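Structural overview for review
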Amino acid sequence: MTPLPLDEAQAIAYQAFIYGYPLAENYSILWQSTLAIQQQFNTFYGKAQLTTPNDTIVVTPNNDTAYSQGWLDLGAEPIVLQVPEVPQDPPRYYSFQIIDACTNNVGYVGSLTTGTAAGNYVLAPPGMVPSSVSHATVIPVPSRYIFLLGRTQLLGTNDIPATQAIMDQYALVPLSQFLGQPAPAPAPATPFLPVAPSFITTLAFFQYLNLALTFQTPPAGDAPLLERFARIGVGPGLPFNPSTLDPELAGALQRGILEASKAITNKTQEGAVENGWNLPEVNLPYFGTDWWTDYDFRSMTARAGIYAISPSEAIYYRAYQDASSKPLVGTNQYTVTFPAGQLPPAASFWSLTMYGANQFLVPNSINRYSLGTQSNLSVAADGSVTIYIQANAPSAAEMPNWLPSPASGSFYIVLRIYGPENTSYIAPGLVQVSSSGS
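In short, a report on the structure. Because the structure is predicted, anything quoted here is derived from the model rather than measured.

What counts, and where the lines are drawn
Residues numbered from 1 in each chain as written. Predicted model: local features only at pLDDT ≥ 70, side-chain atom pairs only at ≥ 80, totals over all residues. Heavy atoms only, no water. Helix = DSSP H or I, 4+ residues; strand = E, 2+ residues; numbered from the N terminus. Rg over C-alpha atoms; globule rule 2.2 N^0.38 Å. Buried < 20%, exposed > 50% of the residue type's maximum accessible area, 1.4 Å probe, protein only. Areas by Shrake-Rupley, 256 points an atom, 1.4 Å probe, with all protein chains shown as cover. Pairing = 2+ DSSP bridges. Axes fitted to C-alpha atoms, helices over the stretch in contact; angles between N-to-C directions. Contact = heavy atoms within 4.5 Å. Core = buried A, V, L, I, M, F, W, Y, C linked by side-chain atoms within 4.5 Å. Parallel < 35°, antiparallel > 145°, perpendicular 65-115°, else oblique. Left-handed = near helix turned anticlockwise from the far one by under 90°.

Within the protein, the regular secondary structure consists of seven helices and 18 strands. Here the C-alpha atoms of the protein give a radius of gyration of 23 Å, agreeing with the 22 Å that 2.2 N^0.38 yields for 438 residues. Considering the protein as a whole, with its 438 residues, one finds that 52% of them fall into the buried category. When the accessible surface of the protein is split by element, carbon and sulfur atoms take 52% of a total near 18700 Å².

Below you can see the structure in the form of structure tokens.
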């Protein structure tokens, strides 16, 4: 490694962390979701059940849909995603988000994009993209390892059997099997690294990043960045051994990592705010398959809620503060009131979900973590709908509209609108109505 001034090494480490954080976080989830628990690639896992506070792999999980998750290894051949007809009586949203190794959203299969008829979709990596496949749609993908994140709307607990029946028909089939041909030879094995606790903020981060960078050829436009990163030993497949570094250099790299991680966290609460809601970026592709250069935004999204769905499918608003710009805390009580005819405009559905400071759902006495389209909300005489956000149960009349918050500490709320009909919509803010001192 070419000797570097310590301040320059720190600056490169900072930039490499911003660039690579989503890749390393994605690798960590891949490991935890497959190899760490002996689950197979090219297989769907998921049950018709809603998320609970015990689900702590992916931060800010939704509580509206049942998840079907499948990690694809396309090293040997393409895989065919098969979906059934999804009945629409009553209407039901479903989607499969196709995510590459950089957390880019490659595309979608689902009710808002490809419709609700049965279909076959060939996910093909570079060098294996067929010109056409009979009775199937070909979708080129840029990575050997692809994450398929399926969401199937669950219309309440009584709907679990019907939802499960749909999910049981989702399938992943090797292209050779789909075509009735012999299977190809297995792909070379990947030298996976077991994920160590808290590796993200240690120098080991660069070891995981170097491995993750081998999963997908970086865009040509990233060449100058990767040439710069190589000066500290960061790049696709490069060896990186923290124990052999000069202590002063190691310290500089560590400072760069910690400063970048802090900057990412700070950025999660930046952006336009109206009525206390952090507004979604509705004009970005999250992140598309073309060359993406806003690595600050990509890393922020990975920290705030990795695998964010694209605005064409859904938009998310986050409230970390009330309408008076004061931070949300569990010792206070709040309301949010939607005037008559002004519920969130959704072609599919909307929801408000509560999250604690740990970015997961908040345990509560009634096991309620969200409210929205599928809730039996009380409507006032004037047609308005008021949500009660507090730790203690409200009056019996207000119970249908109670969204339990933690008893103490900070929290935040996410408003999700699936099938957004108005991307300029601004939700009413949370109003503090009492505090622990009231």
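An order of β6-β5-β2-β8 is seen for the four strands of this open sheet, with the pairing classed as mixed. In this open sheet, the two strands that pair with only one neighbour each are β6 (137-140) and β8 (171-174). Adjacent strand axes in the sheet meet at a mean angle of 30° when their direction is disregarded. With four bridges connecting them, strand β5 (residues 119-124) and β6 associate as parallel partners. Residue pairing across strands places L123 opposite I139, the latter belonging to β6.

Taking strand neighbours across the sheet as the criterion, the six strands line up as β9-β10-β11-β17-β13-β14 in an open arrangement whose pairing is antiparallel. On the outer flanks of this sheet lie β9 (273-274) and β14 (370-372), each paired with one strand and no other. As judged from the two bridges shared by β9 and strand β10 (residues 277-278), these two strands associate in the antiparallel manner. When the sheet's bridge partners are listed, V273 is paired in β10 with N278.

Turning next to the environment of G383. Among the structural elements, G383 can be located in the loop between β14 and β15 (385-390). According to the relative accessible area criterion, G383 is partly exposed, its value standing at 28%. Once the C-alpha coordinates of G383 and P339 are considered, the two residues, 44 residues apart in sequence, prove to be 6.9 Å apart.

So, about helix α4 (residues 205-212). Most of α4 sits inside the fold, with seven of its eight residues counted as buried. Turning to α4, its buried residues are F205, F206, Y208, L209, N210, L211 and A212. Contacts from the buried residues of α4 go to α1 (6-33) and α6 (247-267).

Quick look at the nonpolar core now. Ranked by size, the top nonpolar core spans 58 residues in total, and within it F205, F206, I232 and L253 carry the most contacts. No other element matches the 14 residues that α1 contributes to this core.

With that settled, the discussion passes to the packing of α1 against helix α7 (residues 295-305). The description of two helices packed together rests on the angle between their axes and the distance between the axes. In contact at an axis separation of 8 Å, α1 and α7 are set at 40° when each is read in the N-to-C sense. Considering their axes alone, α1 and α7 lie oblique with respect to each other. The hand of the α1/α7 crossing is left-handed. Contacts from F17, I18, Y19, Y21, P22 and L23 in α1 reach Y295, D296, R298, S299, A302 and R303 in α7.

Another point: the pairing of strand β7 (residues 145-153). Looking down a regular strand, the side chains alternate between one sheet face and the other. Of all nine residues in β7, nine are buried, a share of seventy percent or more. Residue alternation in β7 divides its side chains into two sets, Y145, F147, L149, R151 and Q153 and I146, L148, G150 and T152, and both sets are buried. Sheet analysis places strand β1 (residues 65-73) next to β7, joined by nine bridges and oriented antiparallel. When the sheet's bridge partners are listed, Y67 is paired in β7 with R151.

Here the amide bond leading from D89 into P90 is cis, since omega sits at 5°, within 30 degrees of zero. On the secondary structure map, P90 appears in the loop between β2 (79-83) and β3 (94-99). In this structure, T103 takes a positive phi of about 70° despite not being glycine. Within the secondary structure layout, T103 lies in the loop between β3 and β4 (105-110). Even without being a glycine, N275 presents a positive backbone phi close to 55°. Inspection of the secondary structure puts N275 in the loop between β9 and β10.

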